[in-house]
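Here are the chains, one letter per residue:
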Amino acid sequence: MAGIGFELRKMLEKDSYFHDLVAFSYAALLSSGPWVLSILCLAVLGFYRTTGLTLSEHEVFRSTVIYTYAFSLIFTGVSQLVVTRYLADQLYVKEHRYTMRTLCTSACLTLVVGAPVAVLFYLPFQLSALYKFFAVLAFLVVCLIWLAMVFLSVIKDYNSIALGFFVGSACSVAGAMYLKGPMGMEGYLLGFVIGQAVIFFWLFSRLLAEFPDAPAWDRGLMRYFLSHWELPVIGLAYNLGIWMDKIVFWVADEGARTIRPYLVTHDLYEGPVFVAYLTVVPALAIFLLKMETRFYECYRRYYARVVEKSSFASILREKEQMVDVLKKGFREVLILQGAVTALCMIFAPGLAQVFRFDPLQMPILRIAFMGAFFQVLLIICIVVLFYFDLRRDVLAVAIAFVLSNAALTWWTIQQGLGYYGYGYCYACLISLVLAFSLLSRALDSLEYLTFTKQPAFARRRP
């Protein structure tokens, strides 16, 4: 996302509070658009649920949307990082014609593999065939949106991207409200799907406008799945880790509630954790707008010195500047996110009233705020590790995240309500400590890693 971060940073150079606010708003939307807007869609639809649908039908719809986002994120995790790496490599050698080929190839793979997976998943649910069909459509469309998010950094027109998210989300709400009258619960879901489809095709049209090359199958992308095998494993493990605590709560006997056969929710746990996720938006915006762009400039200069065969002293100077920028960036994020988290914990009773939480959910909400704080720092560490191509290190972090989240969440469920949320929080903390230690070690020996990882002979492009 550094590419679009540079575009947004131009607004900060205008030196006015208004442009600063607009730039941070765009950064917040682009860094976390789909899930933030989906939560807002659910909130708006939940507010008007009393007209036309029963409480049970609305719960079925809400759980369907949650399942759609959870399992689409896990499913596309297998391909997202591979696509990102392949696209970055092609753009580095100025092969822009591969952009649409990569998108079309990965989209075809997603549809061909994802459709039977989604059909098998929804098959045992006791819902109408038409509802299951729309649920499968929702899964595929949201998968395509996650995939399209990879390509946003090559689109410079951030106004159009933001407008696409808003128009699509408005269509989801309006479509659901309009279609629930004649079609009931099925129409409610269909309206939501139509809005999400608007978002995807909006993004697709913008990409097509900037890269009008004819779409074609790209075999090179397929080879990356084998040559960079760590990336699909990392994507799967990390995204599974994000949802693992919710999945463990769904399958546990303690507090899980079955809305319809196989459609399970956990009323006490889900809401506070989803609200806590919203608090990381400012930190992600700061990272996209300031920290990543400054780091990327130093990163480019450091490797330029290496490629130019500059003196070792000048290479070390660039490294020091890069490390300083990282430290300052971490400090900024720590201060901002720390303040946001502290305020949220202080005003948790008021927030709980706004979101109509049960008093029993208050401790879960507070510990979830801490977990989200650790998770956003974990995300930043992982992104920086990826810049240095330390895939094995990220793989270790991702596996630690998913395993610790599963084990600690299961243990806290056995301890009772007072421990809910601590599993997610400590899993994020353990993974963060591991990621940070690996990043510190990498920065300490960066020049050694840089020179020892260089190939002895240059490879010809296939």
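Refer to the preceding data block for the structure.
Residues numbered from 1 in each chain as written. Predicted model: local features only at pLDDT ≥ 70, side-chain atom pairs only at ≥ 80, totals over all residues. Heavy atoms only, no water.

A. View of the overall build of the protein chain. Scanning the protein chain for helices and strands turns up 17 helices and 2 strands. Among the 462 residues that make up the protein chain, the fraction classed as buried is 53%. Long-range contacts, defined here as pairs at least 24 residues apart, represent 80% of the contacts in the protein chain between residues at least 6 apart. (Helix = DSSP H or I, 4+ residues; strand = E, 2+ residues; numbered from the N terminus. Buried < 20%, exposed > 50% of the residue type's maximum accessible area, 1.4 Å probe, protein only. Contact = heavy atoms within 4.5 Å.)

B. How the structure looks around the pattern of salt bridges. Considering all chains together, one arrives at 16 salt bridges under this definition. Its salt-bridge partner being D267, residue R257 comes within 2.7 Å of it at the nearest N-O pair. Taken together, the residues span a long stretch of sequence, with R257 in strand 1 (residues 257–260) and D267 in helix 10 (residues 267–278) at a distance of 10 residues. R257 sits in the partly exposed class, given a relative accessible area of 28%. Taken together, the salt bridges that share partners define one network made up of R85, D89, E230, D389, R391 and R392. (Salt bridge = Lys/Arg side-chain N within 4 Å of Asp/Glu carboxyl O.)

C. Representation of the nonpolar core within the structure. Counting residues in each nonpolar core, the largest one holds 145 residues, and the members touching the most others are W243, F295 and F388. Looking at this core, you find at least three residues from each of domain 1 (1–246) and domain 2 (266–451). (Core = buried A, V, L, I, M, F, W, Y, C linked by side-chain atoms within 4.5 Å. Domains from an automatic or database assignment.)

D. How the structure looks around the environment of L231. By the element assignment, L231 lies in helix 9 (residues 230–251). When the C-alpha atoms of L231 and G77 are compared, they prove to be 8.9 Å apart, with 154 residues separating the residues in sequence. Among residues more than four places away in sequence, those in contact with L231 are G77, L81, V82, R85, F386 and R391.

E. Molecular detail of the packing of aromatic side chains. One pass over the full model with this rule turns up 39 aromatic pairs. An aromatic cluster of at least three residues, connected via ring pairs, comprises Y67, F71, F121, Y122, F125, W250 and Y262. The ring of Y98 has R101 lying over it, and the distance from NZ or CZ to the ring centre is 5.2 Å. Note that K246 overlies the ring of W243, its terminal NZ or CZ placed 5.2 Å from the centroid. (Phe/Tyr/Trp six-rings, centres within 6.5 Å; stacked < 30°, edge-to-face > 60°. Lys NZ or Arg CZ within 6 Å of the ring centre and 35° of its normal.)

F. Region of interest: helix 4 (residues 98–122). Relative to the 36 Å expected for 25 residues at 1.5 Å per residue, helix 4 spans 35 Å between its end C-alpha atoms, a close match to the ideal helical length. When the local axis directions of helix 4 are compared, the greatest deviation, roughly 30 degrees, occurs at G114, which is followed within four positions by the proline P116. (Expected span 1.5 Å × (residues − 1). Bend = angle between axes of the 7 residues up to and from the residue.)

G. Representation of the layout of surface pockets in the model. Each pocket or cavity is described by its volume, and for the second largest pocket that value is around 270 Å³. Along the walls of the second largest pocket sit 14 residues, with K327, F330, F436, S440 and L443 positioned nearest its centre. Those elements giving two or more residues to the lining of the second largest pocket turn out to be helix 12 (312–346), helix 14 (362–387) and helix 16 (422–444). When its residues are assigned to classes, the lining of the second largest pocket shows 10 nonpolar, 1 polar and 3 charged. (1 Å grid on protein atoms, 1.4 Å probe; cavity = no way out; pocket = protein on both sides within 12 Å on 5 of 7 lines; lining within 4 Å. Points joined across faces, edges and corners; volume = space filled by probe spheres on them. Nonpolar A, V, L, I, M, F, W, Y, C, P; charged D, E, K, R; others polar.)

H. Region of the structure containing the packing of helix 5 (residues 129–149) against helix 7 (residues 185–210). Helix 7 packs onto helix 5 with a crossing angle of 20 degrees between their chain directions and a minimal axis gap of 9 Å. Classed by the angle they form, the pair helix 5 and helix 7 counts as roughly parallel. Relative to helix 7, helix 5 is oriented so that their crossing is left-handed. Across from L130, Y131, F134, A135, L137, A138, V141, L144, I145 and A148 in helix 5, the residues of helix 7 making contact are M185, E186, L189, L190, V193, Q196, A197, I199, F200 and L203. In the contact of helix 5 with helix 7, the residues fall into 18 nonpolar, 1 polar and 1 charged. (Axes fitted to C-alpha atoms, helices over the stretch in contact; angles between N-to-C directions. Parallel < 35°, antiparallel > 145°, perpendicular 65-115°, else oblique. Left-handed = near helix turned anticlockwise from the far one by under 90°.)

I. Structural view of the side chain of R391. Tracing the backbone through its elements, the reader meets R391 in helix 15 (residues 391–415). Its relative accessible area of 15% is what places R391 among the buried residues. Within the structure, R391 has its side chain in polar contact with the side chain of E230 (distance 3.3 Å). If we ignore the near neighbours within four places in the chain, the residues touching R391 are R85, S227, H228, E230, L231, I234 and F386. (Polar contact = N/O pair within 3.5 Å; in protein donor to acceptor, adjacent residues only side chain to side chain.)

J. Quick look at unusual backbone geometry. Not every positive phi belongs to a glycine, and K309 is a case in point at roughly 55 degrees. Mapped onto the secondary structure, K309 falls in the loop between helix 11 (281–307) and helix 12. K309 gets classed as exposed once you look at its relative accessible area, which sits at 75%. For D389, which is not glycine, the phi dihedral falls at a positive 60 degrees. Examined against the element boundaries, D389 turns out to sit in the loop between helix 14 and helix 15.

K. Highlighting a nonpolar patch on the surface. A surface patch of nonpolar side chains, amounting to about 520 Å² of accessible area, comprises W411, Y419, Y422, Y426 and I430. Looking at which element gives the most residues to the nonpolar patch, the answer is helix 16, with 3 residues. By the element assignment, Y419 lies in the loop between helix 15 and helix 16. Under the relative-accessibility criterion, Y419 is labelled partly exposed at 40%. (Patch = residues over 30% accessible without salt bridge, like charges linked within 9 Å, V, L, I, M, F, W, Y side chains within 5 Å. Areas by Shrake-Rupley, 256 points an atom, 1.4 Å probe, with all protein chains shown as cover.)

L. Local environment of the pairing of strand 1. Pairing between strand 1 and strand 2 (residues 263–265): 3 bridges, direction antiparallel. When the bridges of strand 2 are listed, T258 appears paired with V264. Here strand 1 folds back onto strand 2 in antiparallel fashion, the turn holding 2 residues, of which Y262 has a positive phi close to 80 degrees. (Pairing = 2+ DSSP bridges.)

M. Structural view of helix 16. Along its 23 residues, helix 16 runs 33 Å from first to last C-alpha, staying within 8% of the 33 Å computed at 1.5 Å per residue. Listed in full, the buried residues belonging to helix 16 are G423, Y424, C425, A427, C428, S431, L432, A435, L438, L439, A442 and L443. For helix 16, the elements touching its buried residues are helix 9, helix 10, helix 12, helix 14, helix 15 and helix 17 (446–452).

N. Seen up close, the environment of I364. Tracing the backbone shows I364 in helix 14. Its relative accessible area of 1% is what places I364 among the buried residues. Each C-alpha atom, one on I364 and one on Y420, is 6.0 Å from the other, the two residues being 56 residues apart in sequence. Those residues within four positions of I364 in sequence are excluded, and the remaining contacts are L268, Y269, P272, L417 and Y420.

Function cannot be inferred from these measures alone, as they are strictly geometric.
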